[in-house]
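Chain by chain, the residues:
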Amino acid sequence: MPIPYGRQDISEEDIRAVCEVLRSDWLTQGPAIEWFEQRVADYCGAKHAIAVCNATAALHISCLALKLGPGDRLWTVPNTFVASANCGRYCGADVDFVDIHPDTYNMDPVNLSAKLAAAKKDNLLPKVLVPVHFAGQSCDMAAIWDLARHYGVRVIEDASHAIGGRYKDEPIGSCRYSDLAVFSFHPVKIITSGEGGMVLTNQDALADRLRLLRTHGITRDPAMMHNAAPEGAWYYEQVGLGFNYRMTDIQAALGLSQMSRLDDFIARRRYLAGRYDVKLKGLPVRCPAQSPETNSSWHLYVIQVQGSRSTRSEVFDRLRKSGILANVHYIPVHLQPYYRQLGFTAGRFPISESYYESAITLPLYPGMTDQQQDEVVQALATALQ
Ligand SMILES: *Cc1c(COP(=O)(O)O)cnc(C)c1O
């Protein structure tokens, strides 16, 4: 049996929770959404949580809630999934990138500081920063938030990899060092709702805007209406332009059920990551470095091929041939044809580019057995020769 790089873990309890919704009166806009939102908000210690149909939609309405628009700029990192940058393009904003730190593979606050200082001189400061907690390890958010406040920039944490991770002894998603944080519940991420995303924030005004943007810009709250006297119980108003980005109750029930398993998932991921660290010693690879202020959710375990006679591509192909379905995260976003057409060229973000050249993501998921992990290590040792 091939070993995938990631896999969801669905229990009989999860299945029962979904079936209960299917037998109930609501398939969407029922009670499960609010239960799921409350559960995630409580877990993270954030005031508000807004569930949406996926994290890409969550990033989109987060940018809109911060009023990102044409003529504005959004900065993220090249080492991420394209959605972290595309959300800026959806709003008509220009996108630019900050290179990563060579050890953590996260946004480098030193590069960010220099780039902000230069942008300020040219009057080209970004409106929004999107740091990405790569592989589940938090960015240096205290440093990023200090810089953001100094320059008047808003911050959306792309925490798609990172529910269950911690930073400075607080859960990722607390929004202590950001305006908004976004989770993904795609099946390959830490917990799943099939498709799904969530935005967290401590700011009431942003939460109101996000709820409007999720549902066509429509409100039933008299306090938000233009018409002082609602015309009847049927009455609602569209007060802005929004979308249908709702999550279904079927998805929310699965997400809620998975929340009760989150800590077990993280414990298993941490155990397996620690086991990789030990078992890979002596092989010509570099294991992922962890900063002492972080406690990763270990969405991904990424090695760098270093000092091997074989190239990354050779090692990768040999792994795939032996049934180890390794992956690579990420092709630098600025090198995608769409972003090249916008003027980005190779060499612009050298740390992300050289990181990418030797990166391989090894299989890691809660259902992976110790024995399967030993198979991965064995196959890797052979592939590196
Ligand atoms: C998965 C992912 C997304 C998008 O999540 P979806 O829920 O699939 O829309 C965004 N950013 C990062 C870093 C991701 O890994």
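Small disclaimer: the values here were computed from a predicted structure and weren't measured.

Description of the overall build of the chain
Inference 1: A tally of regular secondary structure across the chain gives 13 helices and 15 strands.
Inference 2: The globule rule puts the C-alpha radius of gyration for 385 residues at 21 Å, and the 22 Å found for the chain is close to it.
Inference 3: With the principal axes as the frame, the chain shows a C-alpha extent of 75 × 60 × 40 Å.
Inference 4: Here the chain holds 385 residues, and 55% of them are scored as buried.
Inference 5: Carbon and sulfur atoms make up 52% of the accessible area of the chain, which amounts to about 16,700 Å² in all.
Inference 6: Charge centroids of the chain, computed over 38 positive and 41 negative side chains, lie 4 Å from each other.

Section: the nonpolar core
Inference 1: Phe36, Val40, Leu112, Leu129, Ile163, Phe183 and Ile191 are the most contacted members of the largest nonpolar core, which has 60 residues in total.
Inference 2: At seven residues, helix 6 (residues 141-151) tops the list of elements feeding residues into this core.
Inference 3: Residue contacts for Ile191: discarding those within four places in its chain leaves Phe36, Ile163, Ser184, Phe185, His186, Gly255, Gln258, Met259, Leu262 and Phe265.
Inference 4: In terms of nonpolar packing, the next biggest core, distinct from the first, is built from 35 residues, Ala58, Ala65, Leu180 and Tyr339 among them.

Some thoughts on the site of the ligand
Inference 1: Not every one of the 15 residues close to the ligand is listed here, only the nearest: Thr56, Asp158, His161, Ser184 and Lys189.
Inference 2: Taking Asp158, its side chain carries an N or O atom lying 2.8 Å from a nitrogen atom of the ligand.
Inference 3: One of the side-chain N or O atoms of His161 is found 2.7 Å from an oxygen atom in the ligand.
Inference 4: Considering the ligand on its own, with 380 Å² of exposed area, one finds that the protein chains cover 93% of that surface.

Examining helix 4 (residues 83-90)
What sets the pattern is the α-helix's 3.6 residues per turn: residues three or four places apart point alike.
Inference 1: Counting buried positions along helix 4 yields six of eight residues, so the element is predominantly enclosed.
Inference 2: Close packing links the buried residues of helix 4 with helix 3 (55-65), strand 2 (73-76), strand 3 (94-97), strand 5 (154-158) and helix 11 (337-341).
Inference 3: A positive backbone phi angle near 80 degrees is found at Gly92, which sits one or two residues after helix 4.

Quick look at the pairing of strand 2
Inference 1: Pairing of strand 2 with strand 3, which is carried by four bridges, proceeds in the parallel orientation. Its bridge partner being in strand 3, Leu74 is matched across the sheet by Val95.
Inference 2: In the classification by handedness, the crossover that spans strand 2, the intervening helix 4 and the parallel strand 3 is right-handed.
Inference 3: Alignment of strand 2 against strand 4 (residues 128-129), held across two bridges, turns out to be parallel. Its bridge partner being in strand 4, Trp75 is matched across the sheet by Leu129.

Considering the pattern of salt bridges
Inference 1: Throughout the structure, instances matching the rule amount to 17 salt bridges.
Inference 2: Between Arg268 and Asp370 there is a salt bridge; the shortest N-O distance is 3.0 Å. On the criterion of sequence distance, the pair formed by Arg268 in helix 9 (residues 262-279) and Asp370 in helix 13 (residues 370-383) is long-range, its members being 102 residues apart.
Inference 3: A relative accessible area of 22% places Arg268 in the partly exposed class.
Inference 4: By sharing partners, the salt bridges in this structure join Arg268, Arg275, Lys279, Asp370 and Asp374 into a single network.

Examining the packing of helix 10 (residues 312-321) against helix 13
Inference 1: Contact geometry of helix 10 with helix 13 gives a least axis separation of 9 Å together with a crossing angle of 135 degrees. Classified by the angle their axes make, helix 10 and helix 13 are oblique. Remark: the crossing between helix 10 and helix 13 carries right-handed chirality. Where helix 10 approaches helix 13, its residues Val315, Arg318 and Leu319 are matched on the opposing element by Ala379, Leu380 and Ala383.
Inference 2: Across the contact of helix 10 with helix 13, the residue classes tally to five nonpolar, no polar and one charged.

Structural notes on the pairing of strand 15 (residues 359-362)
Inference 1: Here strand 15 shows no split at all, with Ala359 and Thr361 on one side and Ile360 and Leu362 on the other all buried.
Inference 2: Direction of pairing for strand 14 (residues 301-305) relative to strand 15: antiparallel, over a ladder of four bridges. Across the sheet, residue Ile303 finds its bridge partner in strand 15, namely Ile360.

Let's talk about helix 5 (residues 109-121)
Inference 1: The terminal C-alpha atoms of helix 5, which comprises 13 residues, lie 18 Å apart, in line with the 18 Å expected from a rise of 1.5 Å per residue.
Inference 2: All buried positions along helix 5 are accounted for by Pro109, Leu112, Leu116 and Ala119. Viewed end-on, helix 5 has its buried residues packed into an arc of 85 degrees, placing them on one side of the element. Within helix 5, the exposed residues directed more than 90 degrees away from the buried face are Val110 and Lys121.
Inference 3: Each element contacted by the buried residues of helix 5 is listed here: strand 2, strand 4 and helix 6.
Inference 4: Once helix 5 ends, the next one or two residues include Asn123, with phi positive near 60 degrees.

About the criteria used
- Chains are numbered independently. Their residues run from 1 in the order of the written sequence.
- Only residues with pLDDT of 70 or above have their local features reported here, since the model is predicted, and side-chain atom pairs are shown and tallied only from 80 upward, although totals for entire chains, interfaces and linings are computed over all residues.
- Processing note: side-chain calculations cover all non-hydrogen atoms of the structure and skip hydrogens and water entirely.
- In this text, helices come from DSSP runs of H or I with a minimum length of four residues, and strands from runs of E with a minimum of two, each type numbered from the N-terminal end.
- Radius of gyration here is computed from C-alpha atoms only, and the compact-globule reference equals 2.2 Å multiplied by the residue count raised to the power 0.38.
- Partly exposed describes any residue whose relative accessible area lies between the buried limit of under 20% and the exposed limit of over 50%, with all areas from a 1.4 Å probe on protein chains only and scaled to the type maximum.
- Reported accessibility uses the Shrake-Rupley method at a 1.4 Å probe radius. Residues are deemed covered only where the shown protein chains occlude them.
- This count recognises Lys and Arg as positive and Asp and Glu as negative, with His and chain-terminal groups excluded.
- Taken as the charge centre is NZ of Lys, CZ of Arg, CG of Asp or CD of Glu, depending on the residue.
- Here the nonpolar core consists of buried residues drawn from Ala, Val, Leu, Ile, Met, Phe, Trp, Tyr and Cys, with membership extended through side-chain atoms lying within 4.5 Å.
- Contacts are residue-level and defined by heavy atoms, with any inter-residue pair within 4.5 Å sufficient.
- When at least one non-hydrogen atom of a residue lies within 4 Å of a molecule or strand, that residue is treated as near it.
- Pairs of N or O atoms are called polar contacts if they sit within 3.5 Å, as long as, within protein, a hydrogen donor faces a hydrogen acceptor (for residues adjacent in sequence, only side-chain-to-side-chain pairs).
- Two strands make a pair as long as DSSP finds a minimum of two bridges between them.
- When the strands point away from the viewer and the path from the first strand over the helix to the second turns clockwise, the crossover is right-handed.
- When a carboxyl oxygen of Asp or Glu lies within 4 Å of a side-chain nitrogen of Lys or Arg, that pair is called a salt bridge.
- The axes used here are C-alpha line fits, helices contributing only the stretch in contact, and every angle between their N-to-C directions lies in the interval 0 to 180 degrees.
- Orientation is classified from the angle alone, with under 35 degrees giving roughly parallel, over 145 giving roughly antiparallel, 65 to 115 giving roughly perpendicular, and any other angle giving oblique.
- Two helices that cross are described as forming a left-handed crossing if the nearer one is turned anticlockwise from the farther one by less than a right angle, and a right-handed crossing if clockwise.
- Under this grouping Gly is polar, as are all residues other than the nonpolar Ala, Val, Leu, Ile, Met, Phe, Trp, Tyr, Cys and Pro and the charged Asp, Glu, Lys and Arg.
- A helix's residues, less one, multiplied by 1.5 Å, set its expected span.
- Arc definition: directions from the helix axis to the C-beta atoms.

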